[in-house]
Amino acid sequence: MIGSRPIAISMGDPAGVGPELIAQVFRLRPDWSSRCVVVADLAVMRRATALTGGLLALAPLEHWQQAAGLPPRCLPLLALPPMAELPPLGQVSAVAGRAAHAAIERATQAVLQGEAAALVTAPIHKGAWHAAGVAYPGHTELLQALTAAHLGLRSEQVPVRMMLSNAELHTVLVSIHVPLRAAIECVTQAQVLQTLHLTHRHFSEVLGRLHCRIAVAGLNPHAGEGGLFGREEIEHIAPAIKAARAAGIDAHGPFAPDTVFMRARRGEFDVVLAMYHDQGLIPVKYLGLEQGVNTTLGLPFVRTSPDHGTAFDLAGSGRADPSSFLAALEAALKAVST
């Protein structure tokens, strides 16, 4: 608990591994029963606890503060309206997509209204969202829209970015879930500079690290090789770095994308700014999904998630590894306690 406020956990897609991972985490950390609240369908969590060996008592709550008095080995639950049918495991369905969306909306509203201290989200399936008519491509964009609506702003007035990190490497993306052609168009001086400001603010204000060394990757091979392989570095990226440094941000680059991540991993930099989704996420995921954490920068609250998807092929098998989900919860608890 942070004061009297717990961490809110959304269940993710009920046909995926998210509910099972939540149950596993509460078995591994029974002391978290009084620190976290799960927003989920009751029948979904009953199935998840059974699949993971039981030993957990579901504790339905009427309000968030009730978690404070729970004993260990309970799974505190704010139940969603029950679904008409329990979605089959490992299958894309509109029913599952709607339930996952409802869980995120309720958990997010709790954080925005000050009832919960932070948000940790279990994986959703974008195909299920699409089948359910959800208009957003992922968590990040939905959280941006919900926050903007709460603040009475347009979504573009609440800029957000994705950071994926593990013990060895932190990477922030200039663009997120857009086609590669569109991602290239996002590499503008304004976008890169905004990403640098959001990164610096997160490390200084949320993580309490006043000195953050940011390496900026180029877009093109060899960071453009002085304009031979593209001019984005000259016309957009370098001017953004210069403006950021003038504002007191310790930004460096642009560096060749094929070596900058190794330099950061060796300790030369604290975080790498990547120009598009796969450029930044492949190096982090290659190091291993077990400890990876996805963090949304720019929101007025802390939001983390595991760095993997719904793993429909593992749903119901009991073989899904909870390490990344555990790391996401630990990161959220640490951030709100800093």
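Residues numbered from 1 in each chain as written. Predicted model: local features only at pLDDT ≥ 70, side-chain atom pairs only at ≥ 80, totals over all residues. Heavy atoms only, no water.

An unreviewed UniProt entry annotates the protein as Pyridoxal phosphate biosynthesis protein of Serpentinimonas raichei.

So, on to the overall build of the protein. Within the protein one finds 11 helices and 12 strands. Along the three orthogonal principal directions, the C-alpha set of the protein runs to about 60 × 40 × 40 Å. Counting across all 338 residues of the protein, residues that qualify as buried make up 54%. As displayed, the protein has an accessible area near 14,000 Å², and 54% of this comes from carbon and sulfur atoms. Each charge sign in the protein was given a centre, from 26 positive and 27 negative side chains, and these centres are 4 Å apart. (Helix = DSSP H or I, 4+ residues; strand = E, 2+ residues; numbered from the N terminus. Buried < 20%, exposed > 50% of the residue type's maximum accessible area, 1.4 Å probe, protein only. Areas by Shrake-Rupley, 256 points an atom, 1.4 Å probe, with all protein chains shown as cover. Lys, Arg positive; Asp, Glu negative; His and termini not counted. Charge placed at Lys NZ, Arg CZ, Asp CG, Glu CD.)

Split into domains, the protein comes out as domain 1 (7–158 + 301–336) and domain 2 (161–286). For domain 1 versus domain 2, the distance between C-alpha centres works out to 30 Å. Listed as interface residues are seven residues of domain 1 and, on the opposing side, six residues of domain 2. When domain 1 packs against domain 2, the two sides together hide about 560 Å² of surface, and 60% of this comes from carbon and sulfur. (Domains from an automatic or database assignment. Contact = heavy atoms within 4.5 Å. Buried area = accessible area lost by both parts, 1.4 Å probe.)

Below, the discussion takes up the side chain of Arg161. With respect to the helices, strands and loops of the structure, Arg161 is situated in strand β6 (residues 161–165). Of the side chains with opposite charge, Glu141 lies nearest to the buried Arg161, which makes no salt bridge, at 10.0 Å. A polar contact of 3.4 Å, which involves the side chain of Arg161, links it to the backbone oxygen of Gln191. If we ignore the near neighbours within four places in the chain, the residues touching Arg161 are Val172, Leu173, Val174, Ile176, Gln191, Gln194, Thr195, Leu198, Thr295, Thr296 and Leu297. (Salt bridge = Lys/Arg side-chain N within 4 Å of Asp/Glu carboxyl O. Polar contact = N/O pair within 3.5 Å; in protein donor to acceptor, adjacent residues only side chain to side chain.)

On to the sheet that holds strand β11 (residues 293–297), then. Within the open sheet, the 12 strands sit side by side as β3-β4-β2-β1-β5-β12-β11-β6-β7-β10-β8-β9. Their pairing is mixed. Every other strand in the sheet has two partners, leaving β3 (57–60) and β9 (251–255) as the edge strands with one partner each. For this sheet, the mean angle separating the axes of adjacent strands, direction not counted, is 30°. Along the sheet, helix α3 (residues 94–112) makes contact with β1 (7–10), β2 (36–40), β4 (74–79) and β5 (118–121), crossing β1 at roughly 165°. Strands β8 (214–217) and β9 of the sheet are contacted by helix α8 (residues 232–246), whose axis makes an angle of about 165° with β9. (Pairing = 2+ DSSP bridges. Axes fitted to C-alpha atoms, helices over the stretch in contact; angles between N-to-C directions.)

Now for the pattern of salt bridges. With the rule as written, the count across this model stands at nine salt bridges. A salt bridge links Glu168 to Arg265; the shortest N-O distance between them is 2.6 Å. Here Glu168 is found in the loop between β6 and β7 (170–173), whereas its partner Arg265 is found in helix α9 (residues 257–265), with 97 residues between them in sequence. Overall, Arg265 belongs to the partly exposed group, its relative accessible area being 46%. Each of the salt bridges in this network shares a partner with another, and the network as a whole consists of Arg29, Asp31 and Glu330.

For the rest of this paragraph, the subject is the environment of Tyr286. Residue placement: Tyr286 occurs in helix α10 (residues 277–286). Distance from Tyr286 to Ala217, taken between C-alpha atoms, is 18 Å for residues 69 residues apart in sequence.

Our next topic: empty space enclosed by the protein. Across all of its chains, the model carries one cavity of 30 Å³ or more by this definition. Those elements that provide at least two residues to the lining of the largest cavity are α1 (18–28) and α2 (42–51). Ranked by residue count, the leading element in the lining of the largest cavity is α2, at four residues. A breakdown of the residues in the lining of the largest cavity according to their chemical character gives six nonpolar, one polar and two charged. (1 Å grid on protein atoms, 1.4 Å probe; cavity = no way out; pocket = protein on both sides within 12 Å on 5 of 7 lines; lining within 4 Å. Points joined across faces, edges and corners; volume = space filled by probe spheres on them. Nonpolar A, V, L, I, M, F, W, Y, C, P; charged D, E, K, R; others polar.)

Okay, the nonpolar core next. Ile7, Ile9, Ile22, Phe325 and Leu329 are the most contacted members of the largest nonpolar core, which totals 71 residues. Those residues in contact with Phe325, other than ones at most four positions away along the chain, are Ile9, Leu21, Ile22, Val25, Val120, Thr121, Ala122 and Pro306. (Core = buried A, V, L, I, M, F, W, Y, C linked by side-chain atoms within 4.5 Å.)

The next thing to look at is the packing of aromatic side chains. Taken as a whole and judged by the stated rule, the model has one aromatic pair. On the basis of an interplanar angle of 40° and a centroid distance of 5.4 Å, the ring pair of Phe255 and Phe269 is categorised as tilted. With a gap of 14 residues between them, Phe255 in strand β9 and Phe269 in the loop between α9 and β10 (271–274) connect regions that are remote in the sequence. Here Phe255 falls in the buried class, since its relative accessible area comes to 17%. Directly above the aromatic system of Phe255 lies the positively charged group of Arg263, at a separation of 4.3 Å from the ring centroid. (Phe/Tyr/Trp six-rings, centres within 6.5 Å; stacked < 30°, edge-to-face > 60°. Lys NZ or Arg CZ within 6 Å of the ring centre and 35° of its normal.)

A few words now on the packing of α1 against helix α11 (residues 323–337). Between α1 and α11, the least distance of the axes is 9 Å, while the angle of their chain directions is 65°. When the axis of α1 is compared with that of α11, the two are roughly perpendicular. Relative to α11, α1 is oriented so that their crossing is right-handed. Of the residues in α11, those in contact with Leu21, Ile22 and Val25 of α1 are Phe325, Leu326 and Leu329. Here the contact of α1 with α11 is composed, by residue class, of six nonpolar, no polar and no charged. (Parallel < 35°, antiparallel > 145°, perpendicular 65-115°, else oblique. Left-handed = near helix turned anticlockwise from the far one by under 90°.)

The next subject is the packing of α3 against helix α5 (residues 139–151). Interaxial distance between α3 and α5 falls to 11 Å at its minimum, and their mutual angle equals 45°. When the interaxial angle is binned, α3 and α5 end up oblique. Handedness of the α3/α5 crossing: right-handed. Along the contact surface, α3 presents His101, Ile104, Glu105, Thr108, Gln109 and Leu112, while α5 presents His139, Leu142, Leu143, Leu146, Thr147 and His150.

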